[in-house]
Amino acid sequence: MTRLVVGAAIVDDLSRPTVLLAARRTAPSALAGGWEFPGGKVEQGETLEAALHRELAEELDVTVELGTQVPGPVELDHCAGWPLKPGFAMQVRFARITGGTPRLVDHDEVRWLSRTELYDVPWLPADLPIVAAIEAQLH
């Protein structure tokens, strides 16, 4: 059975995004220093949307408005997601911060990246195809 993970492509504007927020991991050690989309595992009985709101509140201390999904190549629970390590897949949604300023809780750095800066950070390998999918949508 595939374990679902949610991730947020946090942008400045849901209808015409110009920058994307990237977050640098601190743990586990094998992933520390890699950049990712904030998010995490969906708990039993939790909707994907509720999980994403919870994870962003826990990881960045922000509230968000959710936008459309970034469709991936695999079918997950009635949505198209992205493969991660074996047994895990992620649904990614665009999001815009509506409350708070990103605070470092589970990450040691966050950075807003424009379309020309997207590859200036070493993304986790599983996130690179998602970055490529988002790149075409940044203005």
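Structure's up top.
Residues numbered from 1 in each chain as written. Predicted model: local features only at pLDDT ≥ 70, side-chain atom pairs only at ≥ 80, totals over all residues. Heavy atoms only, no water.

Enquirer: How would you explain the layout of surface pockets if you had to name every residue and give the values?
Expert: For the largest pocket, the calculated volume is near 610 Å³. As for the largest pocket, its lining consists of 24 residues, of which Val5, Arg25, Leu31, Glu36 and Leu84 are closest to the centre. When contributions to the lining of the largest pocket are tallied by element, the ones reaching two or more residues are strand S1 (3–10), strand S4 (39–41), helix H1 (48–60) and strand S8 (88–99). A breakdown of the residues in the lining of the largest pocket according to their chemical character gives 12 nonpolar, 4 polar and 8 charged. (1 Å grid on protein atoms, 1.4 Å probe; cavity = no way out; pocket = protein on both sides within 12 Å on 5 of 7 lines; lining within 4 Å. Points joined across faces, edges and corners; volume = space filled by probe spheres on them. Helix = DSSP H or I, 4+ residues; strand = E, 2+ residues; numbered from the N terminus. Nonpolar A, V, L, I, M, F, W, Y, C, P; charged D, E, K, R; others polar.)

Enquirer: Just give me the short version of helix H2 (residues 128–135), but keep the residues and values in it.
Expert: What H2 keeps buried is the set Ile130, Val131 and Ile134. The buried residues of H2 occupy an angular sector of 100° when the element is viewed end-on, so they sit on one face. (Buried < 20%, exposed > 50% of the residue type's maximum accessible area, 1.4 Å probe, protein only. Arc of directions from axis to C-beta.)

Enquirer: Tell me about the pattern of salt bridges, residues and numbers included.
Expert: Evaluation of the coordinates by the stated rule reveals 10 salt bridges. The partner of glutamate 109 in a salt bridge is arginine 24, with the nearest N and O atoms 3.1 Å apart. Highlighted residues: glutamate 109 in strand S9 (residues 107–114) and arginine 24 in strand S2 (residues 19–25), separated in sequence by 85 residues. Overall, glutamate 109 belongs to the partly exposed group, its relative accessible area being 23%. The exposure class of arginine 24 is partly exposed, given its relative accessible area of 25%. Between glutamate 46 and arginine 54 there is a salt bridge, with its nearest N and O atoms 2.7 Å apart. Of the residues examined, arginine 54 reaches a relative accessible area of 22% and is grouped as partly exposed. Members of the salt-bridge network, linked through shared partners, are Arg24, Asp108, Glu109 and Arg111. (Salt bridge = Lys/Arg side-chain N within 4 Å of Asp/Glu carboxyl O.)

Enquirer: Please give an account of the pairing of S8 that cites residues and values.
Expert: Taken together, the 8 bridges between S1 and S8 define a ladder with parallel strand orientation. Residue arginine 3 lies in a different strand from S8, and its bridge partner there is phenylalanine 88. Pairing geometry for strand S5 (residues 63–70) and S8, over 6 bridges, is antiparallel. The partner of threonine 63 across the bridge, within S8, is glycine 99. (Pairing = 2+ DSSP bridges.)

Enquirer: Now, about the packing of aromatic side chains: what can you tell me, with residues and values included?
Expert: This model, assessed by the stated rule, comprises 1 aromatic pair. Seen from the ring of phenylalanine 88, lysine 85 lies directly overhead, with NZ or CZ sitting 4.8 Å from the centre. (Phe/Tyr/Trp six-rings, centres within 6.5 Å; stacked < 30°, edge-to-face > 60°. Lys NZ or Arg CZ within 6 Å of the ring centre and 35° of its normal.)

Enquirer: Any details on the environment of arginine 111? Residues and values, ideally.
Expert: The residue arginine 111 is located in strand S9 in this model. Taking the relative accessible area as the measure of exposure, arginine 111 reaches 31% and is therefore partly exposed. For the pair formed by arginine 111 and valine 121, sequence separation is 10 residues and the distance between their alpha carbons is 9.2 Å. Those residues in contact with arginine 111, other than ones at most four positions away along the chain, are Leu20, Leu21, Ala22, Trp35, Asp120 and Val121. Reaching out from arginine 111, the side chain makes a polar contact with the side chain of glutamate 109 at a distance of 3.3 Å. (Contact = heavy atoms within 4.5 Å. Polar contact = N/O pair within 3.5 Å; in protein donor to acceptor, adjacent residues only side chain to side chain.)

Enquirer: So, the nonpolar core: which residues are in play, and what are the values?
Expert: Counting residues in each nonpolar core, the largest one holds 20 residues, and the members touching the most others are Leu20, Phe37, Trp123, Ile130 and Ile134. Elements with a contribution of two residues or more to this core: S1, S2, S8 and H2. When sequence neighbours within four positions are dropped, the list of residues in contact with phenylalanine 37 reads Ala8, Ala9, Leu20, Trp123, Asp127, Ile130, Val131 and Ile134. (Core = buried A, V, L, I, M, F, W, Y, C linked by side-chain atoms within 4.5 Å.)

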